Amino acid sequence: MQAPRPRSTPPSPACRADVLLARIAAMADTFQDAISFRLQHSVSHMASNLSVLCPTPGKRMFAFAHDSKACITVIEGLLKKAAPSHLLVNDSQGSGVRAPYISQACHRHERGSVQVSWCVATSQYLVLLAAQSIQFFDVAGALLFEHKLPDHVEFARGIAAVGHKSVAVGLSTGEILVFNPANPIAPLEYTLTGPASPVSDLASNPSLTRLASSHENGALMVWDPAARKTQWIVAQEGALCMAAACTDALLCCGLVSGVVQIYSFETQTLLASISAHARSVYALALDGHGLLASVGEDSRVCVWTLPTAAQAPELRFSVTISGRMPTGAVFAGQDLCVACYDTERLFVFERV
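Residues numbered from 1 in each chain as written. Predicted model: local features only at pLDDT ≥ 70, side-chain atom pairs only at ≥ 80, totals over all residues. Heavy atoms only, no water.

S.K.: For the layout of surface pockets, give the residues involved together with the corresponding values.
M.R.: By volume, the largest pocket is sized at about 1400 Å³. Lining the largest pocket are 47 residues, and of these Ser204, Ala245, Cys246, Ala285 and Leu286 sit closest to its centre. When contributions to the lining of the largest pocket are tallied by element, the ones reaching two or more residues are α1 (17-26), β3 (51-53), β7 (115-120), β11 (156-162), β15 (199-204), β19 (241-246), β23 (281-286) and β27 (326-332). Tallying contributions element by element places β7 first for the lining of the largest pocket, with six residues. Looking at the lining of the largest pocket residue by residue, the class counts come to 31 nonpolar, eleven polar and five charged. (1 Å grid on protein atoms, 1.4 Å probe; cavity = no way out; pocket = protein on both sides within 12 Å on 5 of 7 lines; lining within 4 Å. Points joined across faces, edges and corners; volume = space filled by probe spheres on them. Helix = DSSP H or I, 4+ residues; strand = E, 2+ residues; numbered from the N terminus. Nonpolar A, V, L, I, M, F, W, Y, C, P; charged D, E, K, R; others polar.)

S.K.: Before we move on, can you summarise the pattern of salt bridges with the specific residues and values?
M.R.: Counting across every chain of the model gives seven salt bridges. The salt bridge involving glutamate 344 is made with arginine 38; its shortest N-O contact spans 2.9 Å. Pair noted here: glutamate 344 is in the loop between β28 (335-340) and β29 (345-349) and arginine 38 is in strand β2 (residues 35-38), with a separation of 306 residues, a long-range link. Assessed through its relative accessible area of 30%, glutamate 344 is described here as partly exposed. Notably, a salt bridge pairs glutamate 146 with lysine 148, separated by 3.6 Å at the nearest N-O pair. When its relative accessible area of 53% is taken as the criterion, lysine 148 is described as exposed. (Salt bridge = Lys/Arg side-chain N within 4 Å of Asp/Glu carboxyl O. Buried < 20%, exposed > 50% of the residue type's maximum accessible area, 1.4 Å probe, protein only.)

S.K.: How would you sum up the nonpolar core? Please name residues and give values.
M.R.: One finds Val127, Ile134 and Phe136 to be the most contacted residues of the largest nonpolar core, which totals 19 residues. Residue assignment for this core shows that the elements contributing at least two residues are β8 (124-129), β9 (133-137), β11, β12 (166-171) and β13 (175-179). Apart from residues lying up to four places away in sequence, valine 127 is in contact with Gln115, Val116, Ser117, Cys119, Ile134, Gln135, Phe136, Ile159, Val167 and Val169. Counting residues in hydrophobic clusters, the runner-up holds 18 residues, among them Val295, Val338, Cys340 and Phe347. (Core = buried A, V, L, I, M, F, W, Y, C linked by side-chain atoms within 4.5 Å. Contact = heavy atoms within 4.5 Å.)

S.K.: So, the confidence of the model for the chain: which residues are in play, and what are the values?
M.R.: In this model, the chain carries an average pLDDT of 85, and 84% of its residues clear a pLDDT of 70 or more. Considering only residues more than four positions removed or in separate chains, one finds that residues 1-28, a stretch of pLDDT under 50, has 56 contacts. Per-residue pLDDT stays below 50 along residues 94-112; that stretch engages in 57 contacts with residues further than four places along the chain or on separate chains. (pLDDT = per-residue confidence, 0-100.)

S.K.: Any chance you could break down the pairing of strand β20 (residues 250-255) for me, citing the residues and the numbers?
M.R.: Regular strands place side chains that alternate from one sheet face to the opposite one. By the criterion of burial, β20 is predominantly enclosed, with six of the six residues buried. In β20, alternate side chains face the same way, and those of Leu250, Cys252 and Gly254 on one face and Leu251, Cys253 and Leu255 on the other are all buried. Where β19 lies against β20, five bridges are found, and the strand directions are antiparallel. Residue pairing in the sheet places alanine 245 in a bridge with cysteine 252 of β20. Taken together, the five bridges between β20 and strand β21 (residues 259-264) define a ladder with antiparallel strand orientation. Bridge pairing in β21 links leucine 250 to serine 264. Counting the residues between successive antiparallel strands, the hairpin from β20 to β21 contains three residues, one of them, glycine 258, with a positive phi of roughly 95°. (Pairing = 2+ DSSP bridges.)

S.K.: So what's going on with the sheet that holds β11? Residues and values would help.
M.R.: With antiparallel pairing, four strands are arranged side by side in an open sheet as β11-β12-β13-β14. With one partner strand each, in any of the chains shown, β11 and β14 (188-193) form the two edges of the open sheet. With direction set aside, neighbouring strand axes in the sheet form an average angle of 20°. Pairing of β12 with β13 involves four bridges; the strand directions are antiparallel. Paired with valine 167 across the two strands is phenylalanine 179, which belongs to β13. (Axes fitted to C-alpha atoms, helices over the stretch in contact; angles between N-to-C directions.)

S.K.: Run through the side chain of asparagine 180, naming residues and quoting values.
M.R.: In this fold, asparagine 180 is placed in the loop between β13 and β14. Asparagine 180 has contacts with Lys165, Pro187 and Glu189, leaving out every residue within four places of it along the chain.

S.K.: Got a sec to walk through the packing of aromatic side chains? Specific residues and values, please.
M.R.: Tallied over the entire structure, the rule returns eight aromatic pairs. Aromatic side chains phenylalanine 145 and phenylalanine 179 sit 6.3 Å apart centroid to centroid with 45° between the ring planes, which places their arrangement in the tilted category. Taken as a pair, phenylalanine 145 in strand β10 (residues 143-148) and phenylalanine 179 in strand β13 lie far apart in primary sequence, 34 residues in all. The residues phenylalanine 145 and phenylalanine 179 share a single accessibility class, namely buried. Through pairs of rings, three or more aromatic residues link up here, namely Phe31, Phe317, Phe331 and Phe349. (Phe/Tyr/Trp six-rings, centres within 6.5 Å; stacked < 30°, edge-to-face > 60°.)

S.K.: How would you explain the environment of arginine 324 if you had to name every residue and give the values?
M.R.: Mapped onto the fold, arginine 324 is located in the loop between β26 (315-320) and β27. A relative accessible area of 35% means that arginine 324 is categorised as partly exposed. In this structure, the C-alpha to C-alpha distance between arginine 324 and arginine 300, residues 24 residues apart in sequence, is 9.0 Å. Setting aside its immediate chain neighbours within four residues, arginine 324 contacts Ser299, Cys340 and Thr343.

S.K.: Describe the sheet that holds β8, naming the residues involved and giving the relevant values.
M.R.: Here we have four strands laid out as an open sheet, ordered β7-β8-β9-β10, and antiparallel in their pairing. In this open sheet, the two strands that pair with only one neighbour each are β7 and β10. Averaged over all pairs of adjacent strands, the angle between their axes in this sheet comes to 20°, without regard to strand direction. Examined bridge by bridge, β7 and β8 share six bridges and lie antiparallel to one another. Directly across from valine 120, in β8, lies its bridge partner glutamine 124.

Here it is as structure tokens:
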């Protein structure tokens, strides 16, 4: 089957030169078939259900949600010789988790699940979104503090670091809570008020100066955390964005339709629209050197070059994980790591 071709509008000359140089450096890269590691538990059914923390060279700590638990798999040293170890972080409430869900029935999160992600602000945190609370843990899995949600909030969803010291969390009300984890006595700093539609995902750029929020009604917004206000309303409504990712120059959105859209922060325009997947996009990942990975409900794992002033995105790698539904993807160093729903395996595609 022929790989899908990206549809794009001409990129703006304002795209940054560093993106172009990174893309040129990445052109020789490709990935080889996956090796896999056994996980302690299977992966829950939710978008972007995989994150990674690399606290020291050669050490990778992968976090994902399994029911009401945050699971951490630690891999050290060379992949082919590694022996993973496992940690388990329990939702402090123990039970009764109301699972957040996307409106379309085929994209509901599995009943009883939580969301979990690593977040690096003033320190390294594991953030767990449970039924009635938002919980912050340290790297060892010790609970630092818990923020109770009011009764009118059905769930929290979307986690992103902002402003170097803060962590943002989206709510079912459309609001975004911004915490300072370094102040566990009074961690809630402020609230951003978005459209009255549940947040579907949050993403920030590497410099942590911008925060993007997507909402179930199709709204897509870019915030200035320092000014605590909207910087750019990308869309008032439209196709639901299931997963978002940012560079300092670009905003990438994976839609429920399977399309990946890429916008320029500087010109506030759509640079490219890629027909990436036959069904919903479930996760996006950036390698920091000009490559974007997308995984979808169609079982495909794809790696694309980012658009530049001179060229549209190009497909660099594609593979189907037969019989599996990828729901999480991250770059860990040079390698692309993928987690799949209801699967006790972590798939790692090595760059060659």
